[in-house]
Amino acid sequence: VLERLRGSSVLSAAQFDKELICELAKFAAYLQLKKFPVAHALEDRIMAAAFFEPSTRTRLSFESAMLHLGGKTISVADARTTGVAKGESMRDIGQMFNSYADIVAIRHTEQSAVSELCEYLRIPLLNGGNGSDEHPTQALADWYALLKWRPEIAFGTLPDEFRINVGIIGTPGNMRTVKSFLMLALLFHENINHITIFSEMADPLGEGIRELTHDTPIGIDFSQELEQRLEYLDVIY
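Residues numbered from 1 in each chain as written. Predicted model: local features only at pLDDT ≥ 70, side-chain atom pairs only at ≥ 80, totals over all residues. Heavy atoms only, no water.

Asks: Help me understand the overall build of the chain in this model?
Replies: Within the chain, the regular secondary structure consists of eight helices and eight strands. Computed over C-alpha atoms, the radius of gyration of the chain comes to 19 Å, within 12% of the 18 Å expected from 2.2 N^0.38 for 237 residues, which places it in the range of a compact globule. Classification of the 237 residues of the chain by burial places 43% in the buried group. Across the chain, the fraction of contacts at a sequence separation of at least 24, relative to all contacts at a separation of at least 6, is 68%. Surface exposure of the chain reaches about 12900 Å², of which carbon and sulfur atoms provide 52%. Side-chain charges of the chain comprise 22 positive and 32 negative groups, with the mean position of each set lying 7 Å from the other. (Helix = DSSP H or I, 4+ residues; strand = E, 2+ residues; numbered from the N terminus. Rg over C-alpha atoms; globule rule 2.2 N^0.38 Å. Buried < 20%, exposed > 50% of the residue type's maximum accessible area, 1.4 Å probe, protein only. Contact = heavy atoms within 4.5 Å. Areas by Shrake-Rupley, 256 points an atom, 1.4 Å probe, with all protein chains shown as cover. Lys, Arg positive; Asp, Glu negative; His and termini not counted. Charge placed at Lys NZ, Arg CZ, Asp CG, Glu CD.)

Asks: Before we go on, may I ask you to explain the sheet that holds strand 5 (residues 164-169) in this structure?
Replies: Pairing between the strands of a sheet comes from backbone hydrogen bonds, and it takes one of two forms, parallel or antiparallel. Strand order in the open sheet formed by four strands is 7-6-5-8, and the pairing between neighbours is parallel. Taken across any chain shown, the strands that pair with only one partner, and hence form the sheet edges, are strand 7 (219-223) and strand 8 (235-236). Pairing of strand 5 with strand 6 (residues 192-198), which is carried by six bridges, proceeds in the parallel orientation. By the bridge assignment for strand 6, Ile 164 is matched with Ile 192. (Pairing = 2+ DSSP bridges.)

Asks: What exactly am I supposed to notice about helix 7 (residues 206-213) here?
Replies: Turn by turn, an α-helix covers 3.6 residues, leaving residues three or four places apart pointing in a common direction. Looking at helix 7, one finds that the buried residues are Gly 206, Ile 209 and Thr 213. The buried residues of helix 7 occupy an angular sector of 40° when projected down its axis, which confines them to one face. Away from the buried face of helix 7 by more than 90 degrees, exposed residues Glu 207 and Glu 211 are located. Its buried side turned inward, helix 7 meets helix 6 (176-185) and strand 7. (Arc of directions from axis to C-beta.)

Asks: Explain the pairing of strand 7 here, please?
Replies: Successive residues of a regular strand alternate their side chains across the two faces of the sheet. Note: strand 6 against strand 7, five bridges, orientation parallel. Directly across from Thr 196, in strand 7, lies its bridge partner Asp 221.

Asks: Would you mind showing me how to read the sheet that holds strand 3 (residues 103-108) here?
Replies: Read from one edge to the other, the open sheet built from four strands follows the order 2-1-3-4, with strand pairing classed as parallel. Each edge of the sheet is formed by a strand with only one pairing partner; in this case those strands are strand 2 (72-76) and strand 4 (125-130). Across the sheet, the axes of successive neighbouring strands diverge by a mean angle of 15°, strand direction being ignored. Bridging between strand 1 (residues 46-51) and strand 2 involves five bridges; their strand directions are parallel. Directly across from Met 47, in strand 2, lies its bridge partner Thr 73. (Axes fitted to C-alpha atoms, helices over the stretch in contact; angles between N-to-C directions.)

Asks: In this structure, what is going on with the pairing of strand 3? I would like to understand it.
Replies: Across the six residues of strand 3, five count as buried, placing the element largely inside the fold. Of the strand pairs in this sheet, strand 1 and strand 3 are connected by five bridges, and their pairing is parallel. Bridged to Ala 49 within strand 3 is Ala 105. Pairing of strand 3 with strand 4 involves four bridges; the strand directions are parallel. Bridged to Ile 106 within strand 4 is Asn 127. In this fold, the crossover linking strand 3 to strand 4 by way of helix 4 (residues 113-118) has right-handed handedness. (Right-handed = clockwise from strand over helix to strand, strands pointing away.)

What follows is the structure, encoded as structure tokens:
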């Protein structure tokens, strides 16, 4: 199953299905438990961490992972120090990365940055957050945490009393982490009973996410009263 990802970019949560997420979670667990040596797995590879938006946790998580696997990193930690500051396009930057790295992890303030960068990019790209659009790698880490907590939600269909109720604080329509998390949550519809979205926005989903949720069997509702719903929730994001 994981062969489907070989040489691929990770741009959106929409690339994943339930089977692929579960296999990634199993593989991550093997890595975390040190079931096999990986210290030299990427020793001949270089990752470019291109962060055109301030970040600490996400940038360091990518760089730390690369180093643990024996790879090397080069970094853009401040957009003001790049050619973009003097007018270079993201397409130009993408072409440059082809020569300097084997993979790129990017965060950018603009939604369009990922697609523009990919136009001339010939190496895999990991989307670490593009504007208000998506943050798929964060969502994968979050679902790994949930599958460690309740692995049974990955397998078959549970009786009603064992299905989980999820609360999401935020606005999927314009918050990238919340959007990607919700997109992956919809893949586990057999074992999620209900999702409550806590937001002060009149339309927290937005048109694109509303279309994705249109045919889901998961009950989805909206509220501004978190405390009144706490006793019914198993997970709060």
